[in-house]
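A look at the structure
Chain residues, written in single-letter form:
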Amino acid sequence: MDPHKFLADFERKSEQMQQQLAESQEQLASARSEVTSSDGTVTVTVAGGGGIESLTLSPKATQLAHTVLADRIMDTIRQAQVEAARSVQESMRPLLGDGEGMDFLTEQVDQGIARMQRSEHAPGTEPRRSAVEDIELDWDDDEDDWDERGGR
């Protein structure tokens, strides 16, 4: 084999890999996922690493019960994180190819998604309610109703 040709091929391949790496880094840095809940009350933007960048509630959100709104927010965050993870995964495909490296990354992403989905409420179930009912406190009361021993 001609050493000059080998060196030229090596340099060309090295430049291609550097370009692919730069493109993958750019895609990773700009990876974002924006998801809106099916009823339009919650919109979440998540960065490629899974961090929440923004959370927007529509005026309709004030009409939801607090537990329903909390579930809607968490579900929308999870959906956005899944989309962001898939986006990151695909941005690495040109660099990793379809070999063992990509298989490993896919496995890791799938395991992370499975962990998120296990933490969701089962469909059709209500979140647990506190055993203590909401108590209205009268903060204008100047009298202290507690005695010195900590009782009423």
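Here, the structure is the one placed above.
Attention in this report is confined to the structure presented alongside it. Predicted, not measured: the structure shown is a model, and the values here were computed from it.

1. Things to note about helix H2 (residues 66-96)
Over its 31 residues, H2 runs 44 Å from end to end, which matches the ideal 45 Å to within 8%, given 1.5 Å per residue. Regarding H2, the residues found buried are Leu69, Ile73, Thr76, Ile77, Arg78, Ala80, Ala84, Val88, Gln89, Ser91 and Met92. Downstream of H2 by one or two residues, Gly97 has phi in the positive range, about 75 degrees.

2. Re the nonpolar core
Val35, Val42, Val44, Val46, Ala61, Leu69, Ile73, Ile77, Ala80 and Ala84 form the largest nonpolar core, which has 10 residues in total. Those elements that place two or more of their residues in this core are strand E2 (42-47) and H2. When residues in this core are grouped by element, the largest group, five residues, is from H2. Each residue touching Ala80, except ones within four places of it in the same chain, is listed here: Ser33, Val35, Val44 and Val46.

3. Some points on the sheet that holds E2
The strand order across the open sheet built from three strands is E1-E2-E3, with neighbouring strands paired in antiparallel fashion. Of all the strands in the sheet, just strand E1 (32-36) and strand E3 (52-57) have a single pairing partner and so form its edges. The sheet shows a mean angle of 10 degrees between the axes of neighbouring strands, direction not considered. In the sheet, E2 pairs with E3 via five bridges, with the strands oriented antiparallel. Paired with Thr45 across the bridge in E3 is Ser54. Contacting E1, E2 and E3, H2 crosses the sheet at an angle of about 35 degrees to E2.

Parameters at a glance
- Residues numbered from 1 in each chain as written.
- Predicted model: local features only at pLDDT ≥ 70, side-chain atom pairs only at ≥ 80, totals over all residues.
- Heavy atoms only, no water.
- Helix = DSSP H or I, 4+ residues; strand = E, 2+ residues; numbered from the N terminus.
- Expected span 1.5 Å × (residues − 1).
- Buried < 20%, exposed > 50% of the residue type's maximum accessible area, 1.4 Å probe, protein only.
- Core = buried A, V, L, I, M, F, W, Y, C linked by side-chain atoms within 4.5 Å.
- Contact = heavy atoms within 4.5 Å.
- Pairing = 2+ DSSP bridges.
- Axes fitted to C-alpha atoms, helices over the stretch in contact; angles between N-to-C directions.

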